[in-house]
Amino acid sequence: MTEVKFYENVDDKLLQFAVIISKSQDKYVFCKHKNRDTWEVPGGHRETGENITDTARRELYEETGALEFTLKPVCVYSVTAPGNFNGHETFGMLFFAKISRFEAKLYNEIEKIALTDALPDRLTYPDIQPRLIEEAKKRGCL
């Protein structure tokens, strides 16, 4: 079973991921990877030596083509799942972004983005992403 927890903060060195719940034109922004048939919230791995906020900015651009946006941290989250990192708890920073302008073309591993009023039916991480969105709503970020 996948367990998702939320924290106000943890030691920065534990933060391996940045996930960015995004909206544009009052709609959620989801992206579809070229090698998957599912949709996901923008985000990804932190690179060595990278500040976690810079990770969020980079991933948001790479996965949505966002050029102009506001970005704010929501909270730290963790995921513990049997098939994920040998069942060890992993940590990430959850952000919220409001995107006002996109690049005309996507250049990385993302095939397309979609602006939606609700979560897509086929999510890449259905046990995680809805929980992250729910927490952001509880904290008044959406």
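Everything numeric here is computed off the predicted structure, so don't read it as measured data.

## Examining the side chain of Glu135
So, step 1. Among the structural elements, Glu135 can be located in helix H2 (residues 129-138).
So, step 2. A distance of 2.8 Å separates a polar atom in the side chain of Glu135 from a polar atom in the side chain of Arg139.
So, step 3. The contact partners of Glu135, leaving out residues within four places of it in the chain, are Phe6 and Cys75.

## A few points about the side chain of Glu50
So, step 1. For Glu50, the location among the structural elements is in the loop between strand S4 (43-45) and helix H1 (52-64).
So, step 2. One polar contact links Glu50 to Thr55, side chain to side chain, over a distance of 2.7 Å.
So, step 3. Not counting residues up to four positions away in its chain, the partners in contact with Glu50 are His45, Thr55 and Arg58.

## Thoughts on the environment of Lys137
So, step 1. Here Lys137 is to be found in helix H2.
So, step 2. For Lys137, a relative accessible area of 49% corresponds to the partly exposed category.
So, step 3. It is 9.9 Å that separates the C-alpha atoms of Lys137 and Val74, two residues lying 63 residues apart in sequence.
So, step 4. Among all residues touching Lys137, those that are not within four sequence positions of it are Tyr28 and Leu142.

Rules behind the numbers
- Residues numbered from 1 in each chain as written.
- Predicted model: local features only at pLDDT ≥ 70, side-chain atom pairs only at ≥ 80, totals over all residues.
- Heavy atoms only, no water.
- Helix = DSSP H or I, 4+ residues; strand = E, 2+ residues; numbered from the N terminus.
- Polar contact = N/O pair within 3.5 Å; in protein donor to acceptor, adjacent residues only side chain to side chain.
- Contact = heavy atoms within 4.5 Å.
- Buried < 20%, exposed > 50% of the residue type's maximum accessible area, 1.4 Å probe, protein only.

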